[in-house]
Amino acid sequence: MQLKDLRPKELEKWEVAAEVVDLGCTDVAIRRGRTKLGCTRKTLLKYVQWYKDGDVARFCHQNRGRKPVTTVSEEIRTFVVTLYRDTYYSASFAHFCEILAEDYHITLSEGTVHSILKEALLISPSSRKITKRKVEKQLRLIARKEHLSKAEGEHVSVAFSILDGYDVHPRKARSKYFGEMIQMDASEHVWVKKAGKWHLHAAVDDATGELVGAWFDYQETLNGYYHVLYMILKLYGIPSRFRTDRRTVFEYSLLSKTDEEKDTHTQFSAACRALGIELEASSTAQWKGRIERMNRTMQNRLPVEFIRNSITTIEQANAYLWEYLPIFNKQFSLKDERDLATSVFLQSPPMAELNAILAVVSKRVVDAGHSISYHNNYYQPHIVEGGQLRPLYYPKGTNALVIKAFDGSLLVSIKDKIHIMVEVPRRKIHSKEFDFPVAPKKKVPYKPAPNHPWKSSFLSTRILESH
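Remember, predicted model here, so these are calculated numbers, not experimental data.

### A few points about the pattern of salt bridges
Phase 1: Per the counting criterion, the structure on display carries 13 salt bridges.
Phase 2: Between arginine 290 and aspartate 206 there is a salt bridge; the shortest N-O distance is 3.2 Å. Of this pair, arginine 290 sits in helix α12 (residues 289-308) while aspartate 206 sits in the loop between β2 (198-205) and β3 (211-217), and the two are 84 residues apart along the sequence.
Phase 3: Take arginine 290: its relative accessible area is 16%, and that puts it in the buried class.
Phase 4: By relative accessible area, which is 3% here, aspartate 206 ends up buried.
Phase 5: Residue glutamate 280 pairs with arginine 243 through a salt bridge whose shortest N-O separation is 3.2 Å. In this pair, glutamate 280 is assigned in strand β5 (residues 278-282) and arginine 243 in strand β4 (residues 241-245), connecting sequence segments 37 residues apart.
Phase 6: Accessibility expressed as a relative area gives 18% for glutamate 280, which makes it buried.
Phase 7: Counted as one network, the salt bridges with shared partners bring together Glu19, Arg32 and Lys36.

Next comes the structure, spelled out in structure tokens:
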């Protein structure tokens, strides 16, 4: 063996040993050599002796050229690739390892199987999109070769067919009736330039493909889904079933400090239960393909419409959606007179009931000041007596359920009674000592608005606790 056959680290050992010998094997030379190689004095002296003997082969690792005992034979590798490609291409790698062990008595780790199949450009159905794109790119490079053998050509064709098969989903029949099933989801996109990403909460009818509700928010939120539901109730009525996304439930569960106001699934399902709407939730995109395709259509069309209508803010966008939905549905919806005649939408409750149904319920406790803290402000429960609001003072530690109605009004349920929440000002509005006297205002009897939810039957204790 010659010096050119040594690997870089082996050659470094030889050069350091030569340097030590040239310097006369002094203590200084040995210390410098140990520092360079990071080895002990005994080891360095061993390299020096090898150098003096003139045997370069001793610096070479003795296992070079030998295959490790754990090496998988070429025969088994070929068998694994062929078996997976021709028979079990729809199985995950972990499942395929179990099949090899149970049916063929071949014990291989998942990592080994992954390496073998990846080298053959075969991927698992559970692979990420980035992995699929990378493999597809490699397959296209191989397919462009001029002199491709017949075996290589067949392997590339099979690999392409498996890769394409992962993105194919069987066509499903639409629902029979208008309003039988509504698919809901939120789509993240840059809808307006330089405005950041917004989330479009949208709902589409499965039978007709009609876009029945849409609302923008900065994140996928309960407020967004509530506004979509409100639009559906106002324009169409109560549908039979919702099929929606469960991603927000996973995000909520991962928060270090959980907040029931962000629990989209629980709050929204309580509203659906009050209206008699069945709710199905899943994180699988293919399970609600209609709304996924609608999201793609909206991402292509809405930004252009915003430019045409000079819309730059999220408030303008939400206002425009009420105008845009009828225009969009007139062009793309499959709804006809028969669908209107057989619609399963039920009549929507009045606005006062909707305010109570689309409420966000949160648990709170009365503090020492007979007040309730909510969103960095303090409130006191009040009751209407003789046409006037009178505060109620509950003892410290009393449990309360704060209700934020859909129109923004605040109520609180304490001991099975609904009270109106009045904010405690941080500072007094008027000073008797330093402000001019204010003429006493004529007392006007307090009368809640007709659509105020404080007397709604949907704010019973049983319904509130279901949140």
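Next, the rest of the story.
### Points about the packing of aromatic side chains
Phase 1: For the structure shown, the criterion picks out 23 aromatic pairs.
Phase 2: With a centroid separation of 5.5 Å and an interplanar angle of 90°, the aromatic rings of tryptophan 50 and phenylalanine 59 are classed as edge-to-face. Pair check on accessibility: tryptophan 50 and phenylalanine 59 agree, each one buried.
Phase 3: With a centroid separation of 5.6 Å and 65° between ring planes, the pair formed by tyrosine 84 and phenylalanine 93 is classed as edge-to-face.
Phase 4: Tyrosine 84 sits in the buried class, given a relative accessible area of 0%.
Phase 5: Members of the aromatic cluster, joined through ring pairs, are Trp191, Trp198, Phe216, Phe306, Tyr320, Tyr324, Phe328 and Phe332.

### Side note on the pairing of strand β1 (residues 182-189)
Phase 1: The buried fraction of β1 is high, at 6 of 8 residues.
Phase 2: Judged from the 8 bridges that link them, β1 and β2 form a sheet pairing that is antiparallel. Across the sheet, glutamine 183 pairs through a bridge with valine 204, a residue of β2.
Phase 3: Relative to β4, β1 runs parallel, the two being bridged by 2 bridges.

### Focus: helix α6 (residues 110-119)
Phase 1: What α6 keeps buried is the set Val113, Ile116 and Leu117. When α6 is viewed along its axis, its buried side chains cluster within an angular range of 90° and face the same direction. Turned more than 90 degrees from where α6 packs its buried face, Lys118 and Glu119 sit exposed.
Phase 2: If you follow the buried residues of α6, they end up packed against α4 (74-86) and α5 (93-103).

### Some points on α12
It helps to recall that an α-helix has 3.6 residues per turn; residues three or four apart then point in one direction.
Phase 1: When the terminal C-alpha atoms of α12 are compared, their 29 Å separation across 20 residues agrees well with the 28 Å that a helix rising 1.5 Å per residue should span.
Phase 2: At methionine 298, α12 is deflected by roughly 30°, the largest bend along its length.
Phase 3: Among the residues trailing α12, serine 310 stands out with phi positive, at a value near 55°.

### Re the nonpolar core
Phase 1: Ranked by internal contacts, the top residues of the largest apolar core, which has 28 residues, are Phe242 and Phe268.
Phase 2: If you list the elements that add at least two residues to this core, you get β1, β3, α9 (222-235), α11 (264-275) and α15 (351-357).
Phase 3: No other element matches α9, which puts 8 residues into this core.

### Overview of unusual backbone geometry
Phase 1: Backbone geometry places histidine 375, a non-glycine residue, at a positive phi of 55°.
Phase 2: Following the sequence through the fold, histidine 375 ends up in the loop between β7 (372-374) and β8 (377-385).
Phase 3: Under the relative-accessibility criterion, histidine 375 is labelled partly exposed at 44%.
Phase 4: We note that asparagine 376 has phi near 65°; this positive angle belongs to a residue other than glycine.

### A word on the confidence of the model for the chain
Fine structural detail should not be taken from predicted coordinates in areas where pLDDT scores are low.
Phase 1: Of the residues in the chain, 90% have a pLDDT of 70 or more, and the chain-wide mean is 83.
Phase 2: The lowest-confidence element of the chain is helix α10 (residues 247-254), averaging 50 in pLDDT; the highest-confidence one is β3, averaging 95.

### So, the sheet that holds β1
Think of a sheet as strands paired side by side through backbone hydrogen bonds, with each pair either parallel or antiparallel.
Phase 1: Here 5 strands make up an open sheet; going across it, the order is β3-β2-β1-β4-β5 and the pairing mixed. This sheet does not close on itself; its edge strands, each paired only once, are β3 and β5. Shown here is a sheet whose adjacent strand axes are inclined to one another by a mean of 20°, direction ignored.
Phase 2: Contacts from α9 reach β1, β2, β3 and β4, with the element oriented near 150° to β3.
Phase 3: Sheet strands touched by α12: β1, β2 and β3. Its angle to β1, the strand with the most contacts, is close to 45°.

### Some remarks on the packing of α5 against α6
Phase 1: Closest axis-to-axis distance for the α5/α6 pair is 9 Å, and the angle between their directions is 105°. On the basis of the axis angle, α5 is roughly perpendicular to α6. Between α5 and α6, the residues in contact are Phe93, Ala94, Phe96, Cys97 and Leu100 and Glu110, Val113, His114 and Leu117, respectively.
Phase 2: Split by residue class, the contact of α5 with α6 holds 7 nonpolar, 1 polar and 1 charged.

Calculation notes
Residues numbered from 1 in each chain as written. Predicted model: local features only at pLDDT ≥ 70, side-chain atom pairs only at ≥ 80, totals over all residues. Heavy atoms only, no water. Salt bridge = Lys/Arg side-chain N within 4 Å of Asp/Glu carboxyl O. Helix = DSSP H or I, 4+ residues; strand = E, 2+ residues; numbered from the N terminus. Buried < 20%, exposed > 50% of the residue type's maximum accessible area, 1.4 Å probe, protein only. Phe/Tyr/Trp six-rings, centres within 6.5 Å; stacked < 30°, edge-to-face > 60°. Pairing = 2+ DSSP bridges. Arc of directions from axis to C-beta. Contact = heavy atoms within 4.5 Å. Expected span 1.5 Å × (residues − 1). Bend = angle between axes of the 7 residues up to and from the residue. Core = buried A, V, L, I, M, F, W, Y, C linked by side-chain atoms within 4.5 Å. pLDDT = per-residue confidence, 0-100. Axes fitted to C-alpha atoms, helices over the stretch in contact; angles between N-to-C directions. Parallel < 35°, antiparallel > 145°, perpendicular 65-115°, else oblique. Nonpolar A, V, L, I, M, F, W, Y, C, P; charged D, E, K, R; others polar.

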